Amino acid sequence: KTTLGEELFMAVISSERNVAGKKRLQEIARRLADPRGLAATEADRLVAEGKVFLLVTCNIHATEIGASQMALEWAHALATAQDERTRKWLDDVVLLLLPSINPDGQVMETEWYRKNLGTRYEGGRMPWLYHHYVGHDNNRDWFMLTQKETRAVSRAVYHQWFPQVWLDEHQM
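Residues numbered from 1 in each chain as written. Predicted model: local features only at pLDDT ≥ 70, side-chain atom pairs only at ≥ 80, totals over all residues. Heavy atoms only, no water.

(A) Seen up close, the nonpolar core. With 18 residues, the main nonpolar core has F53, V94, L96 and W161 as its most contacted residues. Contributing elements (two or more residues each) for this core: helix 2 (22-33), helix 3 (40-49), strand 2 (52-58), strand 3 (93-98) and helix 7 (148-161). With four residues, the top contributor of residues to this core is helix 7. Setting aside residues no more than four positions away along its own chain, L96 makes contact with M10, A11, V12, F53, L54, L55, V56, W161 and P163. Core analysis: the second largest hydrophobic core is formed by 11 residues, I13, L54, A67 and L90 among them. (Core = buried A, V, L, I, M, F, W, Y, C linked by side-chain atoms within 4.5 Å. Buried < 20%, exposed > 50% of the residue type's maximum accessible area, 1.4 Å probe, protein only. Helix = DSSP H or I, 4+ residues; strand = E, 2+ residues; numbered from the N terminus. Contact = heavy atoms within 4.5 Å.)

Listed below in structure tokens is the structure:
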């Protein structure tokens with residue numbers, strides 16, 4: 001749950017085989033993320049057996065909604081794709097997709113827009129902060145981890161999934 005009680009979603013998108021074997025793939029990623037005591041031959045074996053974990057986070061700022069809109073279309077396209085190229089990609093990659101890491105702000109902005117649609121205030125800025133305690137700059141919390149949202153994402157990254165690649169789709 002977020003600071004204001006919204007759901008914080010992360011979609012795991014990959015091939016059926018990878019999703020069914022996610023516990024083993026997570027263990028491989030964890031082992032490779034901290035290779036202390038790992039023999040080179042074992043590391044090579046784990047790399048060959050494992051998959052690329054790609055984390056894509058979107059919508060850290062509530063008014064930057066382009067990425068969250070893209071995320072939903074992308075998830076649908078990947079889940080319904082039948083072409084060989086996409087199927088191969090899904091066999092090789094486990095995509096961890098967070099369509100919004102600021103759902104509270106996104107809900108506030110949406111409600112503000114709908115409330116003022118068709119009035120002289122349409123398109124005007126909300127007169128309050130859209131993230132409790134950190135305002136606009138909730139992306140500045142990654143070193144202190146004071147907010148529920150950054151703690152949840154950090155838990156997923158450093159304790160559950162250990163992605164090798166993290167792409168933040170801040171806006172575009």
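(B) Highlighting the pattern of salt bridges. For the structure shown, the criterion picks out eight salt bridges. Taking the shortest distance from any N to any O, the salt bridge between K1 and E7 comes out at 2.6 Å. Ionic pairing is found between E27 and R30, a salt bridge with its closest N-O pair at 2.5 Å. Here the residue E27 and the residue R30 both occupy positions in helix 2, the gap between them amounting to three residues, near one helical turn. (Salt bridge = Lys/Arg side-chain N within 4 Å of Asp/Glu carboxyl O.)

(C) Quick look at the pairing of strand 2. Of all seven residues that make up strand 2, six are buried, and the element is covered over most of its length. Of the strand pairs in this sheet, strand 2 and strand 3 are connected by six bridges, and their pairing is parallel. Considered in strand 3, the bridge of L55 is made with L96. Inspection of the sheet shows strand 2 paired to strand 4 (residues 165-169) by five bridges, in the parallel sense. Bridge pairing in strand 4 places C58 opposite E169. (Pairing = 2+ DSSP bridges.)

(D) Focus on helix 6 (residues 103-116). Here helix 6 contains 14 residues, and its C-alpha end-to-end distance of 20 Å stays within 8% of the 20 Å for a straight helix at 1.5 Å per residue. Those residues of helix 6 that sit buried are P103, D104, G105, Q106, M108, E109, W112 and N116. Once helix 6 finishes, G118 follows within two positions and takes phi at roughly 85°, a positive value. (Expected span 1.5 Å × (residues − 1).)

(E) Looking closely at the packing of aromatic side chains. A full pass over the atoms with the stated rule returns four aromatic pairs. With 5.8 Å between their ring centres and 45° between their planes, F53 and W161 make a pair best called tilted. Taken as a pair, F53 in strand 2 and W161 in helix 7 lie far apart in primary sequence, 108 residues in all. Of the two residues, F53 and W161, both sit in the buried class. (Phe/Tyr/Trp six-rings, centres within 6.5 Å; stacked < 30°, edge-to-face > 60°.)

(F) Structural view of the sheet that holds strand 4. The sheet built from four strands is open, its strands ordered 1-3-2-4 with mixed pairing. Only two strands of the sheet have a single neighbouring strand rather than two, namely strand 1 (11-13) and strand 4. When the angles between neighbouring strand axes are averaged without regard to direction, this sheet yields 20°. (Axes fitted to C-alpha atoms, helices over the stretch in contact; angles between N-to-C directions.)

(G) Main features of helix 7. Given a rise of 1.5 Å per residue, 14 residues ought to cover 20 Å, and the 18 Å separating the end C-alpha atoms of helix 7 matches this to within 8%. Residues of helix 7 that are buried include every one of E149, T150, V153, S154, A156, V157 and W161, and no others. Where helix 7 is buried, its residues touch strand 1, helix 2, strand 2, strand 3, helix 6 and strand 4. After helix 7 finishes, the residue F162 shows a positive phi value of roughly 55°.

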